[in-house]
Amino acid sequence: MLTTPRILLISGSLRTGSSNEAVLRTAEALAPTRTAMYNGLAALPHFNPDDDTDPLPAPVAELRAAIGEASALLICAPEYAGTLPGSFKNLLDWTVGGTEISDKPVAWVNAAAPGRGQGAEATLRAVLGYTGAAVLEAACVRIPVDRGAVGVDGVITDPAVRGRLAEVLELLATAAQQP
Ligand SMILES: Cc1cc2nc3c(=O)[nH]c(=O)nc-3n(C[C@H](O)[C@H](O)[C@H](O)COP(=O)(O)O)c2cc1C
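Described below are features of the structure shown in this document. (Residues numbered from 1 in each chain as written. Predicted model: local features only at pLDDT ≥ 70, side-chain atom pairs only at ≥ 80, totals over all residues. Heavy atoms only, no water.)

Topic: the layout of surface pockets
- Counted as a void, the largest pocket has a volume near 520 Å³.
- As for the largest pocket, its lining consists of 24 residues, and the residues nearest its centre are Ser19, Asn20, Pro78, Glu79 and Ala112.
- For the lining of the largest pocket, the secondary structure elements donating two or more residues are helix 1 (19-30), strand 4 (105-110) and helix 4 (118-131).
- Taken together, the residues of the lining of the largest pocket break down into 12 nonpolar, six polar and six charged.
- Its residues assigned to classes, the lining of the second largest pocket comprises five nonpolar, four polar and three charged. (1 Å grid on protein atoms, 1.4 Å probe; cavity = no way out; pocket = protein on both sides within 12 Å on 5 of 7 lines; lining within 4 Å. Points joined across faces, edges and corners; volume = space filled by probe spheres on them. Helix = DSSP H or I, 4+ residues; strand = E, 2+ residues; numbered from the N terminus. Nonpolar A, V, L, I, M, F, W, Y, C, P; charged D, E, K, R; others polar.)

Some details on the site of the ligand
- Taken together, 13 residues form the shell around the ligand, and within it Arg15, Ser18, Ser19, Asn20 and Glu79 come nearest.
- In the environment of the ligand, an oxygen atom lies 2.7 Å from a nitrogen or oxygen atom belonging to the side chain of asparagine 20.
- Considered on its own, the ligand offers 630 Å² of accessible surface; in the complex 64% of this is hidden by protein.
- Here the ligand is seated within the largest pocket.
- Residue composition of the shell around the ligand, by class: three nonpolar, six polar and four charged. (Near = heavy atom within 4 Å. Polar contact = N/O pair within 3.5 Å; in protein donor to acceptor, adjacent residues only side chain to side chain. Areas by Shrake-Rupley, 256 points an atom, 1.4 Å probe, with all protein chains shown as cover. Sits in = over half its atoms within 2 Å of the grid points.)

A closer look at the packing of aromatic side chains
- Here the structure, examined in full by the defined rule, presents one aromatic pair.
- Note on phenylalanine 47 and tryptophan 94: the rings are 4.8 Å apart at their centroids and 80° apart in plane angle, and the pair reads as edge-to-face. A residue pair is termed long-range when its members are at least 10 positions apart, and phenylalanine 47 in the loop between strand 2 (35-37) and helix 2 (58-69) and tryptophan 94 in helix 3 (residues 86-96) qualify at 47 residues.
- For phenylalanine 47, a relative accessible area of 29% puts it in the partly exposed group. (Phe/Tyr/Trp six-rings, centres within 6.5 Å; stacked < 30°, edge-to-face > 60°. Buried < 20%, exposed > 50% of the residue type's maximum accessible area, 1.4 Å probe, protein only.)

Structural notes on the pairing of strand 3 (residues 72-76)
- Summarising burial for strand 3: five of the five residues are buried, a large majority.
- On strand 3, burial covers both faces: Ala72, Leu74 and Cys76 on one face and Leu73 and Ile75 on the other are all buried.
- Of the pairings in the sheet, the one linking strand 1 (residues 7-11) to strand 3 comprises five bridges and is parallel in character. Pairing of isoleucine 7 across the sheet is with alanine 72, part of strand 3.
- As defined by bridge partners, strand 3 adjoins strand 4 across three bridges and the pair is classed as parallel. Bridging across to strand 4, leucine 74 finds its partner in alanine 107.
- The parallel pair strand 3 and strand 4, bridged by helix 3, forms a crossover whose chirality is right-handed. (Pairing = 2+ DSSP bridges. Right-handed = clockwise from strand over helix to strand, strands pointing away.)

Purely spatial values, then, with no claim about function.
Take a look at the structure:
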């Protein structure tokens, strides 16, 4: 019997009221039994190869365990100064030395306004290439999210956004079940 695919949701923003986190909160609300939110970004130490050895710093061990337990990853990260936020790049750096992400289906939602966010997306694609993740192109989409679209509960109610997110989740879940 196939087990339910578990999609780990990773936001690249630490901002309170983040629209990128809202995208993932919405995904979580759409598929609560198939998703898990990663909440440890702020607790990760700065990447240092000297520390990428057993015993790993606890937040790093938790990150790798969360990725290892997931059957797929969905990322939503903003663009800062033409690239990924440093804190999120730091998270990705910590995954390179592990094998948890290797061959795992990974997709991202680019929630930036039309014509923006390409630098972050290009960097994300390049860095994921070094991690060995299996980027699921069909599930990597642009869903522009205006801050005003985020409700007080941190979730997006726009049916068009929710519909596209449901498609992304379905694609990832299907990919995660491929042998
Ligand atoms: C320091 C800083 C730099 C930014 N640089 C860019 C940029 O280069 N390109 C872009 O499209 N948006 C840029 N933005 C806008 C953010 O990507 C945008 O506000 C995004 O919604 C933030 O995501 P969040 O709502 O999840 O925090 C920048 C914002 C900040 C605070």
